[in-house]
Structures are given as C-alpha cells and as structure tokens.
Amino acid sequence: APGYTKINMLGTIPFFVDGETKMTESCGIPMYLVERFGPTSMRVNPNEPDYGAYLNWITHADATLTFPQTVFLRFVLQEAKKGLQEAGVAYAKWFIARLRMLDQTLSDGREYLCAGRFTIADICVSFALLLCVSLGLDEKYGPLQPQTKAYLERLKARPAFSAAVAEEQASGVAWNEGKSKL
C-alpha cells in the first residue's frame, strides 16, 4: 500500500506498534504480548513440562512452516517474470513435507499443541496453516492430513479468531480510507 514503507521500512506484514516498540516478526509479536501483558494461560512457563515444546512450536512456525511458503509466494506469485517459479514450487512441496511433525503431534487426538491448552504456539502455527490455505498449497500440493485440517478448523472456530479477522478487515478499510491508527 502506498506510504506503508514510511511506517515499516521492510514493507512486510505484520507490523506491530506498542508505544516506542515496533515489531515485524509474526512469532515475536505474540511472545512480546504474553511477556509484556501477562500472566496469561496462553504462555507456557519454564517450569511446565511442555515449555520446550512450546518454544519449539513458536520457532518452527516461522522457520520451518512459513519460510518455504514465502519463497513460493515470491517466485511464483509476486516475481514470476524472474523465471524462478520452479524454486517456488519446490518450496511449496517442501512445506507440505515439513508438516510431518505437526501431523504426527496431532495424531494422538490432542486439541492443542502443548500444555493441554490454547497457547501462542497454536496462534503461530495457525498462521502458517492459514497462509497455506490462502495460497491454495493444500489443494495443489497437499492435502492437509485430516488431524491437521481438523486442528485448523478448531482454531478458526474460536470466537477470538473471528474477532481478529474482523479487526484485520476493519484495519484494511481504515488504511485505504486514510484513517489508520498507524
């Protein structure tokens, strides 16, 4: 959007502002929020058995699940004229293969990824899954395993998800009308 790089020099989404704090990393933002505004059950504490899994899922979401999709997005959709579509397609297929750990974890019937409750690890992983669906990777290179698809549907059914989607849409309208809070 015109003018966005004046606010966020990277031009990327998300972009989060809290006073003087400005953040661009999708998994760093929820970590900041639970630490800054907690305590909350959305955070797994260091003394809990699933603390390591919690940290791993948060970083796995961006480094392992979202990254290959951004290569697809760039070389197949945004910069197709560069002739690197084959690399983008290879990374899309690699993304589907990288879902193995998620598929295996969810195969025991658990509702959430760790600590027996909804945490920011679920938020981070859900972003990668939502990106996959929005890019059509699940249909073209998938499908998602039944337990992973059911997990995503459970997360999307949460009232807070609906509220976040509504806020995202309102924010887009406000930006286009020059009424953004940024």
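Here is what the cut-offs are and how they apply
- Residues numbered from 1 in each chain as written.
- Predicted model: local features only at pLDDT ≥ 70, side-chain atom pairs only at ≥ 80, totals over all residues.
- Heavy atoms only, no water.
- Helix = DSSP H or I, 4+ residues; strand = E, 2+ residues; numbered from the N terminus.
- Rg over C-alpha atoms; globule rule 2.2 N^0.38 Å.
- Buried < 20%, exposed > 50% of the residue type's maximum accessible area, 1.4 Å probe, protein only.
- Contact = heavy atoms within 4.5 Å.
- Areas by Shrake-Rupley, 256 points an atom, 1.4 Å probe, with all protein chains shown as cover.
- Core = buried A, V, L, I, M, F, W, Y, C linked by side-chain atoms within 4.5 Å.
- Expected span 1.5 Å × (residues − 1).
- 1 Å grid on protein atoms, 1.4 Å probe; cavity = no way out; pocket = protein on both sides within 12 Å on 5 of 7 lines; lining within 4 Å.
- Points joined across faces, edges and corners; volume = space filled by probe spheres on them.
- Axes fitted to C-alpha atoms, helices over the stretch in contact; angles between N-to-C directions.
- Parallel < 35°, antiparallel > 145°, perpendicular 65-115°, else oblique.
- Left-handed = near helix turned anticlockwise from the far one by under 90°.
- Nonpolar A, V, L, I, M, F, W, Y, C, P; charged D, E, K, R; others polar.
- Patch = residues over 30% accessible without salt bridge, like charges linked within 9 Å, V, L, I, M, F, W, Y side chains within 5 Å.
- Salt bridge = Lys/Arg side-chain N within 4 Å of Asp/Glu carboxyl O.

Q: Help me understand the overall build of the protein chain, please; the structure alone is not making it clear to me.
A: Along the backbone of the protein chain there are nine helices and two strands. Written out in order from the N terminus, the α and β elements of the protein chain read α-β-β-α-α-α-α-α-α-α-α. Taking 16 Å as the expected radius of gyration for a compact globule of 182 residues, we find that the protein chain reaches 17 Å, a close match to that expectation. Oriented by its inertia axes, the alpha-carbon framework of the protein chain measures out at about 45 × 40 × 25 Å. For the protein chain, buried positions account for 34% of its 182 residues. Considering only contacts in the protein chain between residues 6 or more positions apart, those separated by 24 or more positions represent 60%. Summing over all exposed atoms, the protein chain offers an accessible surface of approximately 10,900 Å²; the carbon and sulfur share of this is 57%.

Q: What exactly am I supposed to notice about the nonpolar core here?
A: Burial of nonpolar side chains together is a common tendency in soluble globular proteins. In this structure, Tyr54, Leu99, Leu102, Val125, Leu137 and Tyr151 are the most contacted members of the largest nonpolar core, which totals 34 residues. Ranked by the residues each element gives to this core, the list is headed by helix 6 (residues 120–135), at nine residues. Apart from the residues within four sequence positions on either side, Val125 is in contact with Trp57, Ala61, Leu65, Leu102, Leu113 and Tyr151.

Q: How should helix 9 (residues 159–176) be read in this particular structure?
A: Since there are 3.6 residues in each turn of an α-helix, residues three or four apart along the chain are aligned in direction. When the terminal C-alpha atoms of helix 9 are compared, their 26 Å separation across 18 residues agrees well with the 26 Å that a helix rising 1.5 Å per residue should span. Count one or two residues on from helix 9 and you reach Gly178, which has phi positive near 75°.

Q: Can you walk me through the layout of surface pockets in this structure?
A: It is the rolling of a water-molecule-sized probe over the atoms that shows where space remains empty. Put simply, the largest pocket is a space of about 2,300 Å³. Looking at the lining of the largest pocket, the elements that each hand over two or more residues are strand 1 (16–18), helix 2 (28–37), helix 3 (51–78), helix 6 and helix 9. At 11 residues, helix 9 tops the list of elements feeding residues into the lining of the largest pocket. When its volume is computed, the second largest pocket comes out at roughly 290 Å³. Taken together, Thr66, Thr70, Leu73, Arg74, Gln78, Phe127, Leu131, Ser134 and Leu135 make up the full set of residues lining the second largest pocket. Within the residue set of the lining of the second largest pocket, elements represented by two or more residues are helix 3 and helix 6. In terms of residue count, the dominant contributor to the lining of the second largest pocket is helix 3 (five residues).

Q: Looking at this structure, I do not really get the packing of helix 3 against helix 4 (residues 85–98). What am I missing?
A: Describing two packed helices takes the angle between their axes plus the distance from one axis to the other. Relative orientation of the contacting elements helix 3 and helix 4 amounts to 155°, with a least axis distance of 7 Å. Considering the angle they form, helix 3 stands roughly antiparallel to helix 4. Regarding helix 3 and helix 4, the two cross each other, and that crossing is left-handed. For the pair formed by helix 3 and helix 4, the contact residues are His60, Thr64, Leu65, Phe67, Pro68, Gln69, Val71, Phe72, Phe75 and Val76 on the first element and Gln85, Ala87, Gly88, Val89, Tyr91, Ala92, Trp94, Phe95 and Arg98 on the second. Taken together, the residues of the contact of helix 3 with helix 4 break down into 13 nonpolar, five polar and one charged.

Q: Quick question: what am I supposed to make of unusual backbone geometry here?
A: Glycine aside, a negative phi is what most residues show, and trans is what most peptide bonds show. The omega angle of the peptide bond from Ile13 to Pro14 is 5°, so this bond is cis rather than trans. Position of Pro14 relative to the elements: it lies in the loop between helix 1 (4–7) and strand 1. Positive phi, normally seen in glycine, also occurs at Ala115, with a value near 60°. Note on placement: Ala115 falls in the loop between helix 5 (100–106) and helix 6. Judged by relative accessible area, which is 25%, Ala115 ranks as partly exposed.

Q: Looking at this structure, how should I read a nonpolar patch on the surface?
A: Taken together, the side chains of Phe67, Tyr91 and Trp94 present a nonpolar region at the surface, about 280 Å² in accessible area. Here Phe67 is to be found in helix 3.

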